[in-house]
Amino acid sequence: MCEHNHDHDCNCGCNEEVTVTLTLDDDTELECAVLTIYEVDGQEYIALLPMDDAENEDGDVYLYRYAEVDGEPTLDNIEDDDEYEAAADAFDEWLDEQEFEEMIEE
């Protein structure tokens, strides 16, 4: 389902852009930048931003369940509405924090 293009932990703080290649339902591939991996109630999630501007005119971010199985990253769809809402709220909080930190750095 995904190909993770990075040699080490995504939360390492390095400046290298980490990408994931998603295979969509119609078998097309979509390269996405990893914005963050974060945890909500013991479950990890990943936020992905499609890198193809033509595919993502609205700036949509894709959220998936994230896990590493035998050292390989795996992504799963979030099927439950309540779980998705919790993951989306946590991502929004992370995004607000990033914007606040950028304001402080300026």
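Conventions and cut-offs
Residues numbered from 1 in each chain as written. Predicted model: local features only at pLDDT ≥ 70, side-chain atom pairs only at ≥ 80, totals over all residues. Heavy atoms only, no water. Phe/Tyr/Trp six-rings, centres within 6.5 Å; stacked < 30°, edge-to-face > 60°. Helix = DSSP H or I, 4+ residues; strand = E, 2+ residues; numbered from the N terminus. Buried < 20%, exposed > 50% of the residue type's maximum accessible area, 1.4 Å probe, protein only. Polar contact = N/O pair within 3.5 Å; in protein donor to acceptor, adjacent residues only side chain to side chain. Contact = heavy atoms within 4.5 Å. Pairing = 2+ DSSP bridges.

Engineer: Even after reading the chapter, I still don't get the packing of aromatic side chains, so can you show me in this structure?
Structural biologist: How two aromatic rings sit relative to each other is set out by the distance from centre to centre and by the angle between their planes. Tallied over the entire structure, the rule returns three aromatic pairs. Aromatic side chains Tyr38 and Phe91 sit 6.4 Å apart centroid to centroid with 40 degrees between the ring planes, which places their arrangement in the tilted category. Here Tyr38, found in strand 3 (residues 29-40), pairs with Phe91, found in helix 1 (residues 81-105); they are 53 residues apart in sequence, far enough to count as distant. There is no split in this pair, since Tyr38 and Phe91 are both buried.

Engineer: Just to check I follow, could you spell out the side chain of Glu83 for this structure?
Structural biologist: Within the secondary structure, Glu83 is located in helix 1. By relative accessible area, which is 15% here, Glu83 ends up buried. Of the polar contacts made by the side chain of Glu83, one reaches the side chain of Arg65; its length is 2.5 Å. Not counting chain neighbours up to four residues away, the residues in contact with Glu83 comprise Gln43, Tyr45, Arg65 and Ile78.

Engineer: I tried to follow the pairing of strand 3 on my own but got confused; where do I start?
Structural biologist: Note on strand geometry: in a regular strand, side chains alternate between the two faces of the sheet. Bridge analysis of strand 2 (residues 19-23) against strand 3 gives five bridges, and the strand direction is antiparallel. The residue bridging Thr21 from the neighbouring strand is Glu31, located in strand 3. Hairpin connection, strand 2 to strand 3: the antiparallel pair is bridged by five residues, and Asp27 has positive phi, about 70 degrees. By the bridge criterion, eight bridges tie strand 3 to strand 4 (residues 43-50) in an arrangement that is antiparallel. Pairing of Val34 across the sheet is with Leu48, part of strand 4. In textbook terms, the turn of a hairpin is the stretch between consecutive antiparallel strands, and for strand 3 and strand 4 this stretch comprises two residues, one of which, Asp41, has a positive phi near 50 degrees.

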